[in-house]
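Breakdown of the fold
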Amino acid sequence: MRNFKHVQDVEEWLEPMGYDEFWVKLSPYGVDAEIRADCETSIANGASQDTVLSVMKSLIRIEFTTELGLERRPVTPWVQLVD
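Below you will find a few notes about this structure. (Residues numbered from 1 in each chain as written. Predicted model: local features only at pLDDT ≥ 70, side-chain atom pairs only at ≥ 80, totals over all residues. Heavy atoms only, no water.)

**Considerations on the overall build of the chain**
Going by this rule: Put simply, DSSP H or I for four residues or longer makes a helix, DSSP E for two residues or longer makes a strand, and each gets a number counted from the N terminus. Here the radius of gyration uses the C-alpha set of atoms, whereas the globule reference equals 2.2 Å times the residue count to the power 0.38. Buried residues are those whose accessible area, probed at 1.4 Å on protein chains only, stays under 20% of the maximum for their type, while exposed residues exceed 50% and partly exposed ones sit between those limits. Every residue pair with non-hydrogen atoms within 4.5 Å of one another is taken to be in contact. Only the protein chains shown count as cover for residues, and the accessible areas themselves come from Shrake-Rupley with a 1.4 Å probe. Within this scheme the basic residues Lys and Arg register as positive and the acidic residues Asp and Glu register as negative, but His and the chain ends are omitted. A charged residue contributes its charge at one atom only: NZ of Lys, CZ of Arg, CG of Asp or CD of Glu.
When you go through the chain residue by residue, the secondary structure sums to four helices and zero strands. In the chain, the order of α-helices and β-strands from amino to carboxyl end is α-α-α-α. On C-alpha atoms alone, the chain measures out to a radius of gyration of 16 Å, which is more than a quarter above the 12 Å that the 2.2 N^0.38 rule sets for 83 residues. Across its three principal axes, the chain shows a C-alpha extent of roughly 60 × 25 × 20 Å. Burial statistics for the chain: of 83 residues in total, 25% are counted as buried. By sequence separation, contacts in the chain at least 24 residues apart represent 66% of the contacts at least 6 residues apart. On the chain, roughly 6,000 Å² of surface is accessible, and the fraction owed to carbon and sulfur atoms is 53%. One way to put it: in the chain the 8 positive side-chain charges average out to a point 5 Å from where the 15 negative ones average out.

**Examining the packing of aromatic side chains**
Convention followed: Only rings of Phe, Tyr and Trp enter the pairing, Trp through its six-membered ring, and a pair is recorded when the two centres are within 6.5 Å. The plane angle decides the type: under 30 degrees is stacked, over 60 is edge-to-face, the rest tilted.
According to the stated counting rule, one finds seven aromatic pairs in the structure shown. Judged by centre distance (5.7 Å) and plane angle (40°), the ring pair of Phe 4 and Phe 64 falls under tilted. Taken together, the residues Phe 4 in the segment before helix H1 (7-14) and Phe 64 in helix H4 (residues 49-68) connect sequence positions 60 residues apart. Taken together, a centroid distance of 5.7 Å and an interplanar angle of 80° make the contact between Trp 13 and Tyr 29 edge-to-face.

Dropping the structure here:
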C-alpha cells in the first residue's frame, strides 16, 4: 500500500484519476471487477460516469482514512511579518 500520512495525501492521489485509471490503480487495494460491474450498472441506469467516479473516490478516501487511522494535515496559520 502507498505510504499515506494524511487524508489529503489520499485525496491528492485520487483527484487526477480518470474513470479507467481509477480501476487499474485501485485493483491492488481490493477494488475489483465486481465493484466495477455494480458501478457500470449504475451508469447504465442513468448515473453519470463522473458522479459514479466521485462517489467511488469518496468511499475509498473514507475507507483508507479509517483503515490507516489518517488525520487531516495540520493547518499552519499564515502570518505576515511587518517591518
